[in-house]
Amino acid sequence: PAEFVADLISIDYSSPEVEAESKARVQALVDAWAGSAGGKAAADAAAAHKHTNNTSSGALALGVANTGPVAGWGRQFRLLLRRSWRQITRDKAAAMARLSSNVSSAAIFGAIFWRMQKKQSSIQDRNGLLQVAAINTAMSALVKTLTVFSNERAIVNRERTRKAYNVLPYLSGQGCYSVIMCV
């Protein structure tokens, strides 16, 4: 449900037609909210809040502008890591596809390198196995990351514009979860 609302209020910049359509949809939602009783009450509360918090020079009462996220790095990281976990666990079909891909890769590698001996002469075979397994793991993580980033782009851009979090906690949360899932 939350992803539906996020998609509903996000602007899609994939083409000029789609961008215009999504801007019109968002504006229609804004207009509908502004005409409702809740929208009017929110506007009145915002005006009262703005009036009491501004000084005569127009600066904020505290004298400090909002230049970054309110939460610290650790809290941002934990929240973004939790969100990554929820996104991946909700998509059961993709999780099963990744699991079956990993199991089938393990079965193929096991069949190829099943009779590998524990001798000095099999070092190259072991090195080849590790190399192929590392490449397979990296490529599966890359495909997952590309699909996640493409789906999240509009939401992340909006949240970054509102300074909800910095880039480092976001990338750290995504990367940490990707490493956990690949292992």
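Residues numbered from 1 in each chain as written. Predicted model: local features only at pLDDT ≥ 70, side-chain atom pairs only at ≥ 80, totals over all residues. Heavy atoms only, no water.

Undergrad: So what about the overall build of the chain? Which residues, and what values?
TA: Each helix and strand counted, the chain has seven helices and zero strands in total. Counted from the first residue to the last, the chain has its helices and strands arranged as α-α-α-α-α-α-α. The buried share of the chain, taken over its 183 residues, is 17%. Restricting the contact set of the chain to residue pairs at least 6 apart, pairs at least 24 apart contribute 56%. Only carbon and sulfur atoms are counted for the fraction: they give 64% of the accessible area of the chain, which is about 13,400 Å². (Helix = DSSP H or I, 4+ residues; strand = E, 2+ residues; numbered from the N terminus. Buried < 20%, exposed > 50% of the residue type's maximum accessible area, 1.4 Å probe, protein only. Contact = heavy atoms within 4.5 Å. Areas by Shrake-Rupley, 256 points an atom, 1.4 Å probe, with all protein chains shown as cover.)

Undergrad: Let's hear about a positive patch on the surface: which residues, and what values?
TA: A cluster of basic side chains, namely R75, R78, R82 and R86, defines a positive patch on the protein surface. Along the chain, R82 turns up in helix α4 (residues 73–90). Residue classification places R82 among the partly exposed positions, given a relative accessible area of 42%. (Patch = residues over 30% accessible without salt bridge, like charges linked within 9 Å, V, L, I, M, F, W, Y side chains within 5 Å. Salt bridge = Lys/Arg side-chain N within 4 Å of Asp/Glu carboxyl O. Lys, Arg positive; Asp, Glu negative; His and termini not counted. Charge placed at Lys NZ, Arg CZ, Asp CG, Glu CD.)

Undergrad: Got a sec to walk through the pattern of salt bridges? Specific residues and values, please.
TA: Throughout the structure, instances matching the rule amount to two salt bridges. Between E159 and R83 there is a salt bridge, with the nearest N and O atoms lying 2.9 Å from each other. Here the residue E159 occupies a position in helix α6 (residues 123–161), and R83 occupies one in helix α4, the gap between them amounting to 76 residues.

Undergrad: I'd like to hear about the layout of surface pockets, residue by residue, with values.
TA: Roughly 780 Å³ of volume is contained in the largest pocket. Contributing to the lining of the largest pocket are 28 residues, with I88, A94, R98, K144 and V148 lying nearest its centre. Of all the secondary-structure elements, those providing two or more residues to the lining of the largest pocket are α1 (2–9), α4, α5 (92–112), α6 and α7 (167–182). At twelve residues, the largest contribution of residues to the lining of the largest pocket is made by α6. Grouping the constituent residues of the lining of the largest pocket by class yields 13 nonpolar, nine polar and six charged. (1 Å grid on protein atoms, 1.4 Å probe; cavity = no way out; pocket = protein on both sides within 12 Å on 5 of 7 lines; lining within 4 Å. Points joined across faces, edges and corners; volume = space filled by probe spheres on them. Nonpolar A, V, L, I, M, F, W, Y, C, P; charged D, E, K, R; others polar.)

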